[in-house]
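# Observations on the three-dimensional arrangement
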Amino acid sequence: MSYLADNNEGVQHLLLGNEAIARGALEAGVKVATGYPGTPSSEIMESLSKVAHGRNMYVEWSINEKLAMEVAAAGSFARLRSMCVMKQNGVNVGSDFLLHLALTGTREGMVIIACEDPGAHSSINEGEARMFAGMLEIPLLEPGDFQELKDMVKWAFDLSEEIRNLVMVRSVTRLSHGSGNVKFGKLPEIDTNVDAGFQCDGFILDPDKGAMISMPVNHFHGRLQEKLKKAREIFEDCLFNTYNGVEKPELLIITSSACNLYCKEAIALLGVEDRVGLLKLGTTWPLPPELIKKNLSRTDNIFIVEEVLPIMEGNIKVLAAEMAPEIGVKNFYGKNAGNLPTSGELNPDLVLDALKTILSVEYEDMPESYKKKAQAVALTGAPNRELTFCPGCPHRASFWSIHGALKLDGRKGFVCGDIGCYGLGVLPTGFSTIKALHAMGSGIGVASGFGKLRQFGMDQAVVAVCGDSTFFHAGINGLLNAVHHSSDVTFIVLDNGGTAMTGFQPHPGLTVNAMGDEVPGLDIAAICGSLGIRVEIGDPFDLKGTQETLTELIQDKKGVKVLILRKNCALSPERKNKKDYEMHIDEGICLGENCGCNRLCTRIFRCPGLVWDQERKTSRIDEAICAGCGVCVDICPAEAIKKKEAA
Amino acid sequence: MRVFGSNELLKDVLERDLCIGCGACMELCPYLKSHRGKTAMLFPCTLPEGRCHAYCPKVEVNLDDLSLKFFDTSYEGTPLGSYRYVKTARAGEKVDNGDFQAGGTVSALMSFALKKGYLDAAVLTDRKGILPVPRLVTNPEDVFTCSSSKYTAAPTLLACNQAIKKGYKRTGVVGTPCQVLALAQMRSNPMKEKDFTDPVGLVVGLFCTWALDFRAFEAFISEHVDVNKITKLDIPPPPAESMEVFAGDDKIEISLDEIRQLIPETCSYCIDMTSEFSDISVGVLEGRPDINTLIIRTERGKNIVDEAQEEGYLVVGEIPEENLEHLIWAAGNKKKKALIKGKQDGLLNISEEDKRAYLRVNTKTIEKIIA
């Protein structure tokens, strides 16, 4: 079993932030853990899945975040501590359920972990789940370092039980994917004799024995607000809200989450410890008013440091306005004053620059001459690299065929896509084929709409793509909508055999679950076939066959057509480091830049395994990178690319 | 002749809707393909000069250059182009495969040339259902399977490019005027390749007043009849004014007025009714659906007709004066209308460096035709 399940209280480990969260949950004795993969959250569930059997837990990669929340809630209702993990936009997916769950409340502790991605390193949005805490009227905790990731997650379960409602814990990429020292606490005994059950035969308004129903809404909404009030009182004395600095500083920084680390670093670099006080809040909603009042009273100048939107800033300002008769009017620095950006990630430099200006401090991070040289080198020295599909990726082949089929069709057709590696279909690596890219499952959803616009004269071919995991997550809904309304859409499932982008987590199409147990796999083709529509299955590496099928499907204007393109991801355990073919290029035949080719393979197809030899004016195979899939053989107009079966 | 690249081809031809889909730009590179009558450019090519632009019959066609090359004279704009004589013809008794439209002259000539070894391959137009498809044949008997009239534009010349790629040295081509024009450009070595030899052994041009847009035609015709059941299309020579569609046991007649709605705009710019850059041009003799009109233009065209006649593959006769007169009138009329349109639309002899003309021809000839 993983070291995360070692019962070695007091020992310090260097942990990935997400491991610290998992350890916190284990120390809290979590019994039911659910989630849907999404960067930067996935390692939490992966860590728990490894210890699930040993710790007598139930760990589930649910088909989507809403399901994950619902399954976790069942755990809580049945007297089991439960947790639900997702990335920022996952909270949106489940928010409808949360709106109701917040009203019914929970029983045993239930914690939602939202790992957000300021700067959108691995996302196509910069969503804020923090807003949901305000909207749903539930407490929000934001750990400010790696130790707190563990400790606050553990505490979140206690808090949840105390107020009988779910608690949201927010992490960010730099915490979840950073590493730091974490001192372990005690693990509870493995409880093999759990007596779970859902008591629901009591008086309807009894939170412990009644039904979990949010009616009468007035009553439950009032009760929810009482719970929030209780949380606010608890937060007044919470040890995760800390102040560091002189009693009466010139400037008070209020911060939370990873910004805590940036602020500490900026203060130290500027050497302004005697001028600046740092209030780090671990409980950012609801804010504890007395604690805020006490700290705002230290000075008239307040600088609020948080990532993306000024949510905490707004909440503090409301309190400050209410308290103004007592504490006086404050000068605020932060997002609204323009000291920090309202989009993108923060870092120590951004905080330092703002602080420098606010305090009128001189600071040179590097000599001017060095800076100039570095900038010059950066402009000329670093090659411009854009995101690309891996060598051997089935998506490159799929998009090649999709692009070709749409061009042959000639009606200015386009692809609607959603979230997965295949989202790179918007870029040249996918031949810029995707023209509408939105949420999980939105490809077929939006396409379903486009496909109904024929009566208004829209004649363009409409294609939707969706991954296998996304198919189950939310794609299936869009498909049902499109089929029911006879929308003229070609729906392509890019089935690469797992939730590939986040690390091959299982999904319902596979015969294994998060804990490694055998489960029934659901057949996407059979599901689609049961809808009475045309379903074709193809191998994306068969370019000719795929393109012929697709061209025919696209031009068949009768309702929804499905093509399932099956080929495992190049990085999957089944294919990684295994070449089907040894590739080479016959330089004598390669047309290079001449009319008849003009570098199709290295200019357009652009698999990283193909390189252009500038001096010899031919293409070459980069053997270290080439995955040996053999697809490029079929794109070469001169038949200069050769393959032979790998030994 | 000015040669540009595929970017210009896209701008000047595809985006101007001038492409007729003749196939001249296809099978040369991975970028240009034909699908159900439409030409698609799959990806942009960055080369400043390419064969696609050089061969295209819809941009920077220099009629004077071509005329000098093939007929030793600048383009004079006579209605039928340069020719030696005009005759009538039909397949002779040696041709026992009688299931062709009109007189069977084209099939007879091509199969004869293949049989005698004057050609090593022939580029023809077959069909799948009503979709015309290019076909490269080497067996003389296979010529007859392609003998029907198609009436929709076809990418026939891609099979010619395939033949050249496969190394055939004497390929015969049967094409419409636009295809024959493209072929003439191809044969005049526009890319100035070293060691160039003309790979085309015989060009049989067809008479053509227009070719339908395949997709529009298919959509139209499927409103009248099950497309999959169509066995034959025919437009009898004037004065008949209809298209006959044979499907199963049914024969449907569709008024040519309706059919003409499906003619692509690009045909109205075409100045050539009789495939002026061919060796031999063949059409239907007016009023005689079983006999062809034959225009012999070149030495090799003449030789092969003479030989085919001698050996009983072709029966050649004199053309009635009124038929010839009407042919000249019709061809001249097409030329005149097209040139007026080209001039009105500013597509003739454009002199700006960054713009390409549709057609280049000496102003004397233009004035003569338009006057």
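Everything numeric in this text was worked out from a predicted model, so none of it was measured. (Residues numbered from 1 in each chain as written. Chains lettered and ligands numbered in written order. Predicted model: local features only at pLDDT ≥ 70, side-chain atom pairs only at ≥ 80, totals over all residues. Heavy atoms only, no water.)

## Section: the overall build of chain B
The helix and strand inventory of chain B stands at 11 helices and 15 strands. Expected size for 371 residues packed as a compact globule is a radius of gyration near 21 Å; at 19 Å, chain B falls within 12% of this value. Over its C-alpha atoms, taken along the principal directions, chain B stretches across nearly 55 × 45 × 45 Å. Counting contacts in chain B only where the partners sit at least 6 residues apart, residues at least 24 apart contribute 71% of the total. (Helix = DSSP H or I, 4+ residues; strand = E, 2+ residues; numbered from the N terminus. Rg over C-alpha atoms; globule rule 2.2 N^0.38 Å. Contact = heavy atoms within 4.5 Å.)

## What to know about the domain arrangement of chain A
All names here are of chain A. The domains assigned to chain A are domain 1 (3–235), domain 2 (242–359), domain 3 (394–566) and domain 4 (581–645). Computed from C-alpha coordinates alone, the two centres of domain 1 and domain 3 are separated by 33 Å. Contact residues are listed per partner, giving 20 residues for domain 1 and 17 residues for domain 3. Carbon and sulfur atoms make up 63% of the area that domain 1 and domain 3 hide from each other, which totals about 1400 Å². The three residues of domain 1 that bury the most area against domain 3 are Tyr36, Ile63 and Ile124, which together make up 33% of that side's buried surface. Counting across the interface, domain 1 meets domain 3 through zero salt bridges. (Domains from an automatic or database assignment. Buried area = accessible area lost by both parts, 1.4 Å probe. Salt bridge = Lys/Arg side-chain N within 4 Å of Asp/Glu carboxyl O.)

## Description of a nonpolar patch on the surface
Residues and elements named next belong to chain A. On the surface, a nonpolar cluster with roughly 490 Å² of combined accessible area is contributed by Phe203, Ile204, Ile213, Met215 and Val217. Residue placement: valine 217 occurs in helix H8 (residues 217–236). Its relative accessible area of 43% is what places valine 217 among the partly exposed residues. (Patch = residues over 30% accessible without salt bridge, like charges linked within 9 Å, V, L, I, M, F, W, Y side chains within 5 Å. Areas by Shrake-Rupley, 256 points an atom, 1.4 Å probe, with all protein chains shown as cover. Buried < 20%, exposed > 50% of the residue type's maximum accessible area, 1.4 Å probe, protein only.)

## Some words on the interface of chain A and chain B
With 20 residues of chain A at the interface, the matching set in chain B holds 18 residues. Taking both partners together, chain A and chain B bury about 1500 Å²; carbon and sulfur atoms supply 62% of that area. There are zero salt bridges connecting chain A and chain B. For the pair chain A and chain B, the interface holds 11 residue pairs in polar contact (both at pLDDT 80 or more). Counting residues per element, the side of chain A that touches chain B draws most heavily on helix H14 (residues 394–409) of chain A, at six residues. Looking at the side of chain A that touches chain B residue by residue, the class counts come to eight nonpolar, seven polar and five charged. (Polar contact = N/O pair within 3.5 Å; in protein donor to acceptor, adjacent residues only side chain to side chain. Nonpolar A, V, L, I, M, F, W, Y, C, P; charged D, E, K, R; others polar.)

## Here's the deal with the packing of aromatic side chains
Applying the stated criterion across every chain yields a total of 15 aromatic pairs over all chains. On the numbers, 5.3 Å between centres and 90 degrees between planes, the contact of Phe471(A) with Phe472(A) is edge-to-face. Counting every residue linked through ring pairs, the aromatic cluster contains Trp400(A), Phe431(A), Phe605(A) and Phe43(B). A cation over a ring is seen here: Arg396(A) above Phe605(A), with NZ or CZ 5.9 Å from the ring centre. For Arg356(B), the ring lying beneath its charged end belongs to Phe4(B), and the centroid distance is 5.2 Å. (Phe/Tyr/Trp six-rings, centres within 6.5 Å; stacked < 30°, edge-to-face > 60°. Lys NZ or Arg CZ within 6 Å of the ring centre and 35° of its normal.)

## A few points about the confidence of the model for chain B
On average, residues of chain B score 93 in pLDDT, and 99% of them are at 70 or above. Model confidence for the complex: the whole-complex pTM is 0.93, and ipTM, which rates the interface, is 0.93. (pLDDT = per-residue confidence, 0-100.)

## Quick word on the packing of helix H10 (residues 289–296) of chain A against helix H11 (residues 311–327) of chain A
Residues and elements named next belong to chain A. Orientation of H10 relative to H11, taken along the N-to-C sense of each, is 65 degrees, at an axis distance of 10 Å. The two elements H10 and H11 meet at a crossing, and its hand is right-handed. In contact with Pro289, Ile292, Lys293 and Leu296 of H10, H11 contributes Ile316, Leu319, Ala320, Met323, Glu326 and Ile327. Classifying every residue of the contact of H10 with H11 gives eight nonpolar, no polar and two charged. (Axes fitted to C-alpha atoms, helices over the stretch in contact; angles between N-to-C directions. Left-handed = near helix turned anticlockwise from the far one by under 90°.)

## With respect to the sheet that holds strand S3 (residues 58–61) of chain A
Each strand in a sheet pairs with its neighbour through backbone hydrogen bonds, running either in the same direction (parallel) or in the opposite one (antiparallel). Residues and elements named next belong to chain A. As summarised here, the arrangement of the seven strands in space is S3-S2-S4-S5-S7-S6-S12, forming an open sheet in which the pairing is mixed. Since the sheet does not close on itself, it has two edges, and those belong to S3 and strand S12 (283–285), each with one partner. One ladder, built from four bridges, connects strand S2 (residues 32–35) with strand S4 (residues 82–87); its direction is parallel. Residue pairing for S4: alanine 33 is matched across the bridge by methionine 83. (Pairing = 2+ DSSP bridges.)

## Focus: helix H10 (residues 321–344) of chain B
Here H10(B) spans 34 Å end to end across 24 residues, near enough to the 34 Å set by a 1.5 Å rise per residue. Contacts made by the buried residues of H10(B) are with strand S4 (85–91), strand S12 (280–285), strand S13 (288–296), strand S15 (359–360) and helix H11 (363–370) of chain B. (Expected span 1.5 Å × (residues − 1).)

## Comments concerning the pattern of salt bridges
A side chain of one charge can pair with a side chain of the opposite charge if their charged atoms are brought near each other. Scanning all chains against the criterion turns up 60 salt bridges over all chains. For Lys38(B), the salt bridge is made with Asp213(B), and the minimal N-O distance between the two is 3.0 Å. Of this pair, Lys38(B) sits in strand S2 (residues 38–41) while Asp213(B) sits in the loop between strand S8 (200–206) and helix H7 (214–221), and the two are 175 residues apart along the sequence. Shared partners join several salt bridges into a network, and the residues in it are Glu116(A), Glu128(A), Arg130(A), Glu142(A), Arg170(A) and Glu306(A).

## Points about unusual backbone geometry
Trans peptide bonds make up most of the peptide bonds, and negative phi angles are found at most residues other than glycine. Cis geometry marks the peptide bond from Thr39(A) to Pro40(A); its omega dihedral reads 10 degrees. Within the secondary structure layout, Pro40(A) lies in the loop between S2 and helix H2 (42–51). For the peptide bond that leads from Met215(A) to Pro216(A), omega is 0 degrees, which places it in the cis range. For Pro216(A), the location among the structural elements is in the loop between strand S8 (179–183) and H8. For Asn577(A), which is not a glycine, the phi torsion comes out positive at approximately 60 degrees. Among the structural elements, Asn577(A) can be located in the loop between strand S20 (560–566) and strand S21 (581–585). On the basis of relative accessible area, Asn577(A) is assigned to the exposed category, the value being 75%. Non-glycine residue Arg36(B) carries a positive phi angle of around 45 degrees. Within the element layout of this structure, Arg36(B) appears in the loop between strand S1 (32–35) and S2.

## Remarks on the packing of helix H5 (residues 157–165) of chain B against helix H6 (residues 177–187) of chain B
Axis angle and axis distance: for two packed helices, these are the angle between their axes and the distance between the axes, and together they describe the pair. Residues and elements named next belong to chain B. Interaxial distance between H5 and H6 falls to 11 Å at its minimum, and their mutual angle equals 30 degrees. By the angle between their axes, H5 is roughly parallel relative to H6. In the crossing of H5 with H6, the sense of the turn from one axis to the other is right-handed. Along its contact with H5, which presents Leu157, Cys160, Asn161 and Ile164, the element H6 presents Gln179, Ala182, Leu183 and Met186. (Parallel < 35°, antiparallel > 145°, perpendicular 65-115°, else oblique.)

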